[in-house]
Amino acid sequence: MNSLNQLEIQNIRHLAFAATATCDKITYYKTLTSDQSVVKNFEDVCNGFNNLKTQLSNLLGGM
């Protein structure tokens, strides 16, 4: 992965930030419903984004 250029690294950082921003929005949307199946779906999506962010951070950290 040492062959990534600065633009590619910047794009990876933007994806990691987008994952964080999306989870922040999901946290808000969870307050708008009492349907537990919807809340669970939101939590699953947010967990997926957190995993993506961790993998991207690990990718950048390993460079």
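Since this is a predicted model, take the numbers as computed values, not measurements. (Residues numbered from 1 in each chain as written. Predicted model: local features only at pLDDT ≥ 70, side-chain atom pairs only at ≥ 80, totals over all residues. Heavy atoms only, no water.)

Observations concerning the overall build of the protein chain
Argument step 1. What the protein chain contains, in helices and strands, is 2 helices and 0 strands.
Argument step 2. Against the 2.2 N^0.38 benchmark of 11 Å for 63 residues, the protein chain shows a C-alpha radius of gyration of 15 Å, more extended than a compact globule.
Argument step 3. Along the longest, intermediate and shortest principal axes, the C-alpha atoms of the protein chain span 45 × 15 × 10 Å.
Argument step 4. Counting over 63 residues, the protein chain shows a buried share of 16%.
Argument step 5. A gap of 5 Å separates the mean positions of the 5 positive and 5 negative side-chain charges of the protein chain. (Helix = DSSP H or I, 4+ residues; strand = E, 2+ residues; numbered from the N terminus. Rg over C-alpha atoms; globule rule 2.2 N^0.38 Å. Buried < 20%, exposed > 50% of the residue type's maximum accessible area, 1.4 Å probe, protein only. Lys, Arg positive; Asp, Glu negative; His and termini not counted. Charge placed at Lys NZ, Arg CZ, Asp CG, Glu CD.)

Observations regarding the pattern of salt bridges
Argument step 1. Summed over all chains, the structure comprises 2 salt bridges.
Argument step 2. Where Lys-40 meets Asp-44, a salt bridge forms, and the shortest distance between an N and an O atom there is 3.0 Å. Taken together, the residues span about one helical turn, with Lys-40 and Asp-44 both in helix 2 (residues 36-61) at a distance of 4 residues.
Argument step 3. Owing to a relative accessible area of 47%, Lys-40 belongs among the partly exposed residues under this scheme. (Salt bridge = Lys/Arg side-chain N within 4 Å of Asp/Glu carboxyl O.)

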